[in-house]
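Descriptive analysis of the structure
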Amino acid sequence: MPAPFKFILNHQTLWLSHERCIFWEDQKALIVSDLHFGKSGHFRKAGIGVPQNIYKEDLQRLFSLIQFFNPGRLIIVGDLFHSHANKEIDLFVKWRNDVPNLSVELIKGNHDILAEKYYQNAGISTTTGSLTVDQFCFTHDIALACESESQYIFSGHIHPGISVSGVGKQTIYLPCFYFGETFAVLPAFSKFTGLSKIRTDNSKDKFFAIVKDQIIRIK
């Protein structure tokens, strides 16, 4: 796996991975958002032929990241599952059994609508609203307030992207990590999602685009 990008935030060491996650070194925590497990199965149930290997590849990516970073906890900033229960969620429970010593903590997103028994069976602790860990606050939607305005907030939900211009006036949109002065937005872990362009005029904001197997700082 290519080396992640080291980023210092509020004296904390964060490693940004091109696999759309952050490893918080000081807490030994892997941070991901918007996995949308079960989405491809949801589409197939509706008669749209989305291959299941999309989901299996996402699960394998997550397992590889856990092996690489060896975290003690996995913090999921919302939308772990996409919709109602299906066979793909059963596969996730089997996957979970392969990492029994990993603490999995989910801040529920708008798509996390499963009955609580599903999370319990998968060994996942859930939080509604926000979760505070040390000086950081995690919430799915930045519109939801955290406990203290002094805390730096990590969110997901919007699947952030940034436009990059090249020669010949060509423009492409890339998934990205966004870090503002008071909050960050994580890219969607799932590659089976769209992108929402982030617009900002604040010169202090930082963007890290995901380009194939590397992280590139845009500004």
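As shown above, the structure is provided for reference.
Predicted model, so just to flag it, every value in this text is computed and none were measured.

A tally of regular secondary structure across the protein gives four helices and 16 strands. Within the protein, the proportion of its 219 residues that are buried is 49%. At a minimum sequence separation of 6, the contacts of the protein that also span at least 24 residues come to 65%. With an accessible surface of roughly 10800 Å², the protein has 50% of that area assigned to carbon and sulfur atoms.

Moving on, we get to the nonpolar core. Counting residues in each nonpolar core, the largest one holds 28 residues, and the members touching the most others are L30, F37, L62, L80 and F92. Contributions of two or more residues to this core are made by β3 (21-24), β4 (29-32), α2 (53-69), β5 (73-76), α3 (87-96) and β6 (103-107). With six residues, α2 is the largest single contributor of residues to this core.

Moving on, we come to the sheet that holds β5. Ordered by their spatial adjacency, seven strands build an open sheet running β1-β2-β3-β4-β5-β6-β7, and the pairing between neighbours is mixed. Two strands bound the open sheet, and with one partner strand each, they are β1 (5-9) and β7 (124-127). Between one strand axis and the next, the sheet turns through 25° on average, direction left out of account.

Right, let's talk about the pairing of β7 for a bit. In this structure, β6 lies alongside β7, joined through four bridges in parallel fashion. Bridge assignment links L106 to a residue of β7, and that residue is T126.

A positive phi angle, close to 65°, is found at H11, a residue other than glycine. Within the secondary structure layout, H11 lies in the loop between β1 and β2 (12-17). With phi around 55°, D79 is a residue other than glycine that occupies positive phi space. Judged by its relative accessible area of 1%, D79 is buried.

With that out of the way, let us pick up the pattern of salt bridges. As enumerated under the stated definition, the model contains five salt bridges in all. In this structure, E19 and R61 form a salt bridge, with 2.8 Å as the shortest nitrogen-oxygen distance. Here the residue E19 occupies a position in the loop between β2 and β3, and R61 occupies one in helix α2, the gap between them amounting to 42 residues. For the residue pair E19 and R61, the accessibility class agrees, reading buried in each case. E181 is paired through a salt bridge with K204; the nearest N and O atoms lie 3.9 Å apart. Of this pair, E181 sits in the loop between β12 (171-179) and β13 (183-185) while K204 sits in the loop between β14 (196-197) and β15 (206-211), and the two are 23 residues apart along the sequence. One network of salt bridges, with partners in common, ties together E19, D58 and R61.

What follows concerns the side chain of H159. Within the secondary structure, H159 sits in the loop between β10 (152-155) and β11 (160-165). Classification of H159 by relative accessible area gives buried; the value is 13%. Here D34 takes part through its side chain, which lies 3.3 Å from a polar atom of the side chain of H159. Filtering out sequence-adjacent residues up to four positions away, H159 remains in contact with D34, H36, A188, T193, G194, L195 and S196.

The rules behind each value
- Residues numbered from 1 in each chain as written.
- Predicted model: local features only at pLDDT ≥ 70, side-chain atom pairs only at ≥ 80, totals over all residues.
- Heavy atoms only, no water.
- Helix = DSSP H or I, 4+ residues; strand = E, 2+ residues; numbered from the N terminus.
- Buried < 20%, exposed > 50% of the residue type's maximum accessible area, 1.4 Å probe, protein only.
- Contact = heavy atoms within 4.5 Å.
- Areas by Shrake-Rupley, 256 points an atom, 1.4 Å probe, with all protein chains shown as cover.
- Core = buried A, V, L, I, M, F, W, Y, C linked by side-chain atoms within 4.5 Å.
- Pairing = 2+ DSSP bridges.
- Axes fitted to C-alpha atoms, helices over the stretch in contact; angles between N-to-C directions.
- Salt bridge = Lys/Arg side-chain N within 4 Å of Asp/Glu carboxyl O.
- Polar contact = N/O pair within 3.5 Å; in protein donor to acceptor, adjacent residues only side chain to side chain.

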